[in-house]
Amino acid sequence: MLNQGFYMIEKRAVRAKGPFTTGPLVIGLAHFIVALINIRLTGWSVGMATVWAANALVLAALLVVPTRRWLPYVVSVWIAGFAANLLGGYPAFAAAPFAAVNIAEAAFAALLTRRLVGGPLQLEHPDHLLKFIASSIAAAACSASLSAPFMSAAVDEAMGRSWLSWFASDTLGLLLVTPILLIVFAIWSGKRSFLQGRSAIEAVALFALVTGLSLLVFGQTRWPMLFLLLPPMLLTTFRLRSVGATVAVVIVACIGSYFTTIGSGPIALMPGDVADRIYFFQFFLAVAFLPALPVASVLDERDALAAIAERQASTDELTGTASRRMFLARLEAAGEAANANGTAFSVALFDVDHFKSVNDRFGHDVGDAVLRHVGALAMAIVGRHGLVGRLGGEEFAVLMPGRSLDQAAGLCEALRKACSDTDDMPDGVVPVTISVGVAALARGRVPADVLKAADAAMYLAKSSGRDRVQIVR
């Protein structure tokens, strides 16, 4: 989940006891810095921010911090916002309500998102994403309505233009920046991969393509070439999913904002003043971004479902060991590699002795617990040196590339002793023994031959009294 990463940051930051802890102070400081930068940059754009990013940071925090711990964040962010507004040149009669409206906007968006989603926000789910978008738009509309009178008085412009300016910049900030922050938090915590399985070279090339075309499009005023930006943004979305979509739009937003406010780029060709051009550019960003993130979300969900299906196909559901299909595929590949390289290669087969009587006496729940216990022991002892798979029922197999017959037999003997050890049995598990057959791949033989040899050795172990390791030389 995207928001788990920030929750880990927040938990690690909170160390001191009391109403104020490190987390709220960090968020407050970050809000102050981003807000002040945003306000300073509006000097390029007649008092308008193309994208207001400060509230997105607060929203990302409130989405993952429990509501019972919101008060320190609210106080810290209000103080930070008030100071940023004053230093940014707003009069005190506007600075205080602006700061209050900003924190109210983030809090309302977070509360509404939680209410609609009904659980942790997962932006890779299209349904969650649409509810997040709706919540952000509603919160920005409410905050614009509250702030428009103060904005109109502070910058001496019409009420309607003040409302539109606030609504557009705040909406873009929440929709563009919040997902990026949540993705960054998830990547930082290891919950998500930045490249989504792609190479770093491909990611750099795609972002360079978006950057280069953005400079080309906005660095000239002769041709209306905005359409050139859509194909690379779409390509980046398909290849890098939601990370690619958000980063690509942010690149376009940064480059386009600068050139548009200095009178360069295709938007400068349209009639009207700088404010009108910024409104149009904001509309362009919304049109470019709002379809991209849902597409990325659908692709993310498809990838997640494909990963689940692949994991289910390759993993035994009961024991967590490799499935029969996965084990046989790895056996074939490892055996061919051992033949080609002339390296050692051993295979062991084992099953639980008298397993039917375990089910008959204690029930299938206990039988399942026994199989999980044996599978866990096998992965802990033997799986460090190879692959453990469940072939079916109570029968398991172990693939040990690079292990000689004697080495493999020693590992299997350790497993046999661990299974029969009654001193440390988990709850619901009864003591059992296993019979093991071990064989090594002879040069020039196919991998299936060593599996057959191990199977014959296992049955020899069972016929010789069970609870033993039998090798085939």
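Calculation notes
Residues numbered from 1 in each chain as written. Predicted model: local features only at pLDDT ≥ 70, side-chain atom pairs only at ≥ 80, totals over all residues. Heavy atoms only, no water. UniProt positions renumbered as here; feature names shortened; annotations may be inferred. Helix = DSSP H or I, 4+ residues; strand = E, 2+ residues; numbered from the N terminus. Buried < 20%, exposed > 50% of the residue type's maximum accessible area, 1.4 Å probe, protein only. Axes fitted to C-alpha atoms, helices over the stretch in contact; angles between N-to-C directions. Left-handed = near helix turned anticlockwise from the far one by under 90°. Contact = heavy atoms within 4.5 Å. Nonpolar A, V, L, I, M, F, W, Y, C, P; charged D, E, K, R; others polar. Patch = residues over 30% accessible without salt bridge, like charges linked within 9 Å, V, L, I, M, F, W, Y side chains within 5 Å. Areas by Shrake-Rupley, 256 points an atom, 1.4 Å probe, with all protein chains shown as cover. Salt bridge = Lys/Arg side-chain N within 4 Å of Asp/Glu carboxyl O.

As annotated in an unreviewed UniProt entry, the protein chain carries the name diguanylate cyclase and is attributed to Sphingosinicella xenopeptidilytica. Quoted straight from UniProt, the Subcellular location (unreviewed entry) entry for the protein chain says "Cell membrane".

Q: Looking at this structure, I do not really get the UniProt feature "transmembrane region" (unreviewed entry) in the protein chain. What am I missing?
A: Within this numbering scheme, the UniProt entry marks residues 20-39, 45-65, 70-88, 129-151, 163-188, 200-218, 238-259 and 279-299 as carrying the feature "transmembrane region" (unreviewed entry). Taken end to end, residues 129-151 is 100% helix and 0% strand, and its two terminal C-alpha atoms sit 31 Å from one another. End C-alpha atoms of residues 200-218 are separated by 27 Å, and the span's content is 100% helix alongside 0% strand.

Q: Could you clarify how one ought to interpret unusual backbone geometry in this entry?
A: For residues other than glycine, phi is negative in most cases, and the peptide bonds are mostly trans. Residue Arg466 is not a glycine yet carries a positive backbone phi of 65 degrees. Inspection of the secondary structure assignment puts Arg466 in the loop between helix 15 (447-463) and strand 5 (469-472). According to the relative accessible area criterion, Arg466 is partly exposed, its value standing at 29%. Even without being a glycine, Asp467 presents a positive backbone phi close to 50 degrees. If you trace the backbone, Asp467 turns up in the loop between helix 15 and strand 5. Here Asp467 falls in the partly exposed class, since its relative accessible area comes to 28%.

Q: Even after reading the chapter, I still don't get the packing of helix 7 (residues 159-188) against helix 10 (residues 274-314), so can you show me in this structure?
A: Each pair of packed helices gets described by two things: the angle between the helix axes and the distance between those axes. Here helix 7 crosses helix 10 at 35 degrees, and the two axes come no closer than 10 Å. Here the hand of the crossing between helix 7 and helix 10 comes out left-handed. Contacts between helix 7 and helix 10 involve Arg161, Leu164, Ser165, Ala168, Ser169, Leu172, Leu175, Leu176 and Pro179 from the former and Ala275, Asp276, Tyr279, Gln282, Leu285, Ala286, Phe289, Leu290 and Leu293 from the latter. A class-by-class count of the residues in the contact of helix 7 with helix 10 yields 13 nonpolar, 3 polar and 2 charged.

Q: Even after reading the chapter, I still don't get a nonpolar patch on the surface, so can you show me in this structure?
A: Taken together, the side chains of Leu29, Ile33, Ile37 and Leu41 present a nonpolar region at the surface, about 360 Å² in accessible area. Tracing the sequence through the fold places Leu29 in helix 2 (residues 22-41).

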